Amino acid sequence: MSYRVGFGIDFHQLTEGRDLWLGGMKIPFHKGSLGHSDADVLLHAICDALLGAACLGDIGLHFPNDSVEFQDIDSKILVQRTIELVKKENYVVVNIDTTVCLEAPKIKAHVEQMRKIIASILGISVNDISIKATTTEKMGFIGRGEGIAAYATVLLKKA
Ligand SMILES: [Zn+2]
């Protein structure tokens, strides 16, 4: 049996006048992520972890941020396309563990819904997708509320 681990990380600026998309859903907040797509930092980290585990490059290679095709795109579509690439290589997802790093807002109330959304796109159980959150104790750009980061680890198994 062949297993492959993958790691993904992503950052976005938080700015006024943008919606905060996280884990495939819109979170009520006075700032949102700045980016070419909907700038969903968690879904982007998951895409990169999936691609990394299958040794398929990174998100920028498959979904370039200078392409009009991906402008303001719903990142759930990027996850969908990514899992199709991974399945083409005959891998299935065993589990995913993630951490979102942000000072505000608190996302605890939304985590269950995010897990359901991601599990449904990937065709896995909600028990196989973990979403954790942390602050940076007010330190650095995340602590100042200027940005948001997400980390994801994925385990794939050869089908
Ligand atoms: Zn991103």
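Everything below is about the structure printed above this text.
Described in the following lines is the structure provided in the data block. (Residues numbered from 1 in each chain as written. Predicted model: local features only at pLDDT ≥ 70, side-chain atom pairs only at ≥ 80, totals over all residues. Heavy atoms only, no water.)

### A short note on the overall build of the protein chain
Here's step 1: Counting its secondary structure elements, the protein chain contains five helices and seven strands.
Here's step 2: Its helices and strands taken in sequence order, the protein chain reads β-β-β-β-α-α-α-β-α-β-α-β from the N to the C terminus.
Here's step 3: Relative to the 2.2 N^0.38 estimate, which gives 15 Å for 159 residues, the radius of gyration of the protein chain is 15 Å and therefore close to what a compact globule would have.
Here's step 4: Restricting the contact set of the protein chain to residue pairs at least 6 apart, pairs at least 24 apart contribute 72%.
Here's step 5: When the accessible surface of the protein chain is split by element, carbon and sulfur atoms take 54% of a total near 7900 Å².
Here's step 6: A gap of 6 Å separates the mean positions of the 17 positive and 19 negative side-chain charges of the protein chain. (Helix = DSSP H or I, 4+ residues; strand = E, 2+ residues; numbered from the N terminus. Rg over C-alpha atoms; globule rule 2.2 N^0.38 Å. Contact = heavy atoms within 4.5 Å. Areas by Shrake-Rupley, 256 points an atom, 1.4 Å probe, with all protein chains shown as cover. Lys, Arg positive; Asp, Glu negative; His and termini not counted. Charge placed at Lys NZ, Arg CZ, Asp CG, Glu CD.)

### Re the coordination of the zinc ion
Here's step 1: Surrounding the zinc ion are the protein donor atoms Asp 10 (OD), His 12 (NE2) and His 44 (ND1), at 2.0 Å.
Here's step 2: Read in sequence order, the donor residues coordinating the zinc ion give the pattern D-x1-H-x31-H. One end of the pair, His 12, is in strand E1 (residues 3-16); the other, His 44, is in helix H1 (residues 41-53), and 32 residues separate them in sequence. Accessibility assignment for this pair places His 12 and His 44 in one class, buried. (Donors = N, O, S within 2.8 Å, 3.2 Å for Na, K, Ca; no water. Buried < 20%, exposed > 50% of the residue type's maximum accessible area, 1.4 Å probe, protein only.)

### Description of helix H3 (residues 75-88)
Here's step 1: Taking 1.5 Å as the rise per residue, H3 with 14 residues should run 20 Å; its terminal C-alpha atoms sit 20 Å apart, in good agreement.
Here's step 2: Regarding H3, the residues found buried are Ser 75, Leu 78, Val 79, Thr 82, Ile 83 and Val 86. The buried residues of H3 occupy an angular sector of 130 degrees when projected down its axis, which confines them to one face.
Here's step 3: A distance of 2.8 Å separates the backbone nitrogen of Lys 76 from a side-chain oxygen at the start of H3, and that oxygen is part of Asp 74. (Expected span 1.5 Å × (residues − 1). Arc of directions from axis to C-beta. Polar contact = N/O pair within 3.5 Å; in protein donor to acceptor, adjacent residues only side chain to side chain.)

### Some words on the pairing of strand E6 (residues 129-134)
Here's step 1: In this sheet, E6 lies alongside strand E5 (residues 91-101) in parallel orientation, the contact comprising six bridges. Its bridge partner being in E6, Thr 98 is matched across the sheet by Ile 131.
Here's step 2: The parallel pair E5 and E6 is bridged by helix H4 (residues 111-122), and the resulting crossover is right-handed. (Pairing = 2+ DSSP bridges. Right-handed = clockwise from strand over helix to strand, strands pointing away.)

### Quick look at the sheet that holds E1
Here's step 1: If you walk across this open sheet you meet the five strands as E4-E1-E7-E5-E6, and the pairing is mixed. At either end of the open sheet lies a strand with only one pairing partner, and these are strand E4 (31-34) and E6. The sheet shows a mean angle of 25 degrees between the axes of neighbouring strands, direction not considered.
Here's step 2: With 10 bridges joining them, E5 and strand E7 (residues 147-158) adopt antiparallel strand pairing. Counted as the bridge partner of Asn 95 is Leu 155 from E7.
Here's step 3: Across the sheet, H1 is in contact with E1, E5, E6 and E7; its angle to E1 comes to roughly 155 degrees. (Axes fitted to C-alpha atoms, helices over the stretch in contact; angles between N-to-C directions.)

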